[in-house]
Every structure is written in structure tokens, then in C-alpha cells.
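Listed below are the residues making up each chain.
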Amino acid sequence: IHVVAGGGGRSRAVARHPGHYFDPRFSPDGATIVFEKGTGGQLTSPLWSAEPGIYRVPSTGGDAIRLTDQGRTPHFGGSGERVFYVHDHEPAKESQPAHELVSVDINGKDRRVHAKSHYATRMLVSPSGEWLTFRENYHVFATAMPPAGQLELSPKAKSLPLLEGHD
């Protein structure tokens, strides 16, 4: 992972080790970058595939710290105190949702589930922390992010008003 100043110039590496890195995102204060580290295979080299998961690293560079060994699309909400990500899993029953919007604190502790969905493939909290967006079947929806509890995300949900757009 490399960063470049807003005015341009040379890039600078912030992750010390090579890897298959995805979705790097800055914290609101710009001090931290969270990212997904994946595995190789098929089209990508299997090298540097050890210890996949969600990581954080100082934006000035340094050692990456693994927050969780599972998940995708890491990002911050309204503050730099929690890291949100999507956790996909095989539900025990057909009626259970297969996707969850989860957050952990900056040290990977205090796991919370904020929303669940059967079909939403992408869930993101807005930079202000006020909105939750999700994508389902090429449609994008936004709803207010509740301060606590869990949402069941679906275009047919009646618990909160939804704004709809197209992907």
C-alpha cells in the first residue's frame, strides 16, 4: 500500500510487507489506514497469502495489525474509533441472513453486528456515521444508521425509510 500527497509527488509505502491488499481506507483524521489482506490463487500468485483478514496500519507507515481474520470492505464511520466491515458466512438455516455489517474497535475488540441481509452484497456506513447504504440486485439503498441495535436490510423493509438509487 502506497500513499501520495494530495498535491502529487512520489509515493511512499506504508505497509512493510508485500501482500494481496484490497479496499484501503483512511480514518477520518487521516492517521490510520484499514485494508483487507486476501489470499492468492487462480489468477494471482499464492505468494504472500498468509494471515488474511482486516488490518490497520499508521498512514505514516509501520507494522500492520490484524483486527480480524475474516471480513471484507473495511471502512470507518463517523469517527476513527470503530472499523466497519462485511462478514459473509454460511447460515445454519435457510431463513438466516448470510451477510452482516459488523464493527470492531480500533484494536479488533468489542465486535458488534449492526445490520444483516440475505442479499445485500455491499454495506457501507457514511463518513458522517449518519447513513447506512447497501446494494442489492443492482439497486443502491440508503437508510438512517441507528445508534444501537441491528437492522434487517431489504428493499421491502418497513422499519426505516429507504432512499433508492441505481448502481
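Description of the structure in this document. (Residues numbered from 1 in each chain as written. Predicted model: local features only at pLDDT ≥ 70, side-chain atom pairs only at ≥ 80, totals over all residues. Heavy atoms only, no water.)

## Quick word on the sheet that holds strand β14 (residues 151-153)
With respect to topology, 5 strands assemble into an open sheet ordered β7-β8-β9-β10-β14, the strand pairing being mixed. Strands with a single pairing partner mark the edges of an open sheet, and in this sheet they are β7 (72-76) and β14. Averaged over all neighbouring strand pairs, the angle between strand axes comes to 25°, with direction disregarded. The pairing of strand β10 (residues 112-117) with β14 spans 3 bridges and is parallel. In the sheet register, A115 faces β14, and the bridge partner there is L151. (Pairing = 2+ DSSP bridges. Helix = DSSP H or I, 4+ residues; strand = E, 2+ residues; numbered from the N terminus. Axes fitted to C-alpha atoms, helices over the stretch in contact; angles between N-to-C directions.)

## What to know about unusual backbone geometry
For residues other than glycine, phi is negative in most cases, and the peptide bonds are mostly trans. Here the phi dihedral of D23 falls at roughly 50°; this positive angle occurs in a residue that is not glycine. By secondary structure assignment, the location of D23 is in strand β3 (residues 20-26). We note that N137 has phi near 50°; this positive angle belongs to a residue other than glycine. Assignment of secondary structure puts N137 in the loop between β12 (131-136) and β13 (139-144).

## Remarks on the environment of F84
Along the chain, F84 turns up in strand β8 (residues 82-88). Judged by relative accessible area, F84 falls into the buried class, the value being 9%. Sequence separation between F84 and V113 is 29 residues, and the spatial gap between their C-alpha atoms is 9.5 Å. Those residues in contact with F84, other than ones at most four positions away along the chain, are T73, P74, H75, F76, G77, L101, V102, S103, H114, V125 and M145. (Buried < 20%, exposed > 50% of the residue type's maximum accessible area, 1.4 Å probe, protein only. Contact = heavy atoms within 4.5 Å.)

## What about the environment of S79?
Note that S79 resides in the loop between β7 and β8. In terms of polar contacts, S79 uses its side chain to reach the backbone amide nitrogen of E81, at 3.2 Å. (Polar contact = N/O pair within 3.5 Å; in protein donor to acceptor, adjacent residues only side chain to side chain.)

## So, the nonpolar core
Core analysis: the biggest nonpolar cluster contains 13 residues, and L101, A115, M123, V125, L132, F134 and L153 have the highest contact counts within it. With 9 residues, the next largest nonpolar core counts V34, I54, F76 and V104 among its residues. (Core = buried A, V, L, I, M, F, W, Y, C linked by side-chain atoms within 4.5 Å.)

## Some thoughts on the layout of surface pockets
Approximately 260 Å³ is the volume attributed to the largest pocket. Contributing to the lining of the largest pocket are 16 residues, with R82, F84, H114, M145 and P147 lying nearest its centre. Listing elements by their share of the lining of the largest pocket, those giving two or more residues are β8 and β10. Broken down by element, the residue count for the lining of the largest pocket peaks at 3 residues, all from β10. Its boundaries defined by the atoms lining it, the second largest pocket holds a volume of some 160 Å³. Contributing to the lining of the second largest pocket are A15, R16, H17, P18, Y21, F35, K37, E51, Y55, G62, D63 and A64. A breakdown of the residues in the lining of the second largest pocket according to their chemical character gives 6 nonpolar, 2 polar and 4 charged. (1 Å grid on protein atoms, 1.4 Å probe; cavity = no way out; pocket = protein on both sides within 12 Å on 5 of 7 lines; lining within 4 Å. Points joined across faces, edges and corners; volume = space filled by probe spheres on them. Nonpolar A, V, L, I, M, F, W, Y, C, P; charged D, E, K, R; others polar.)

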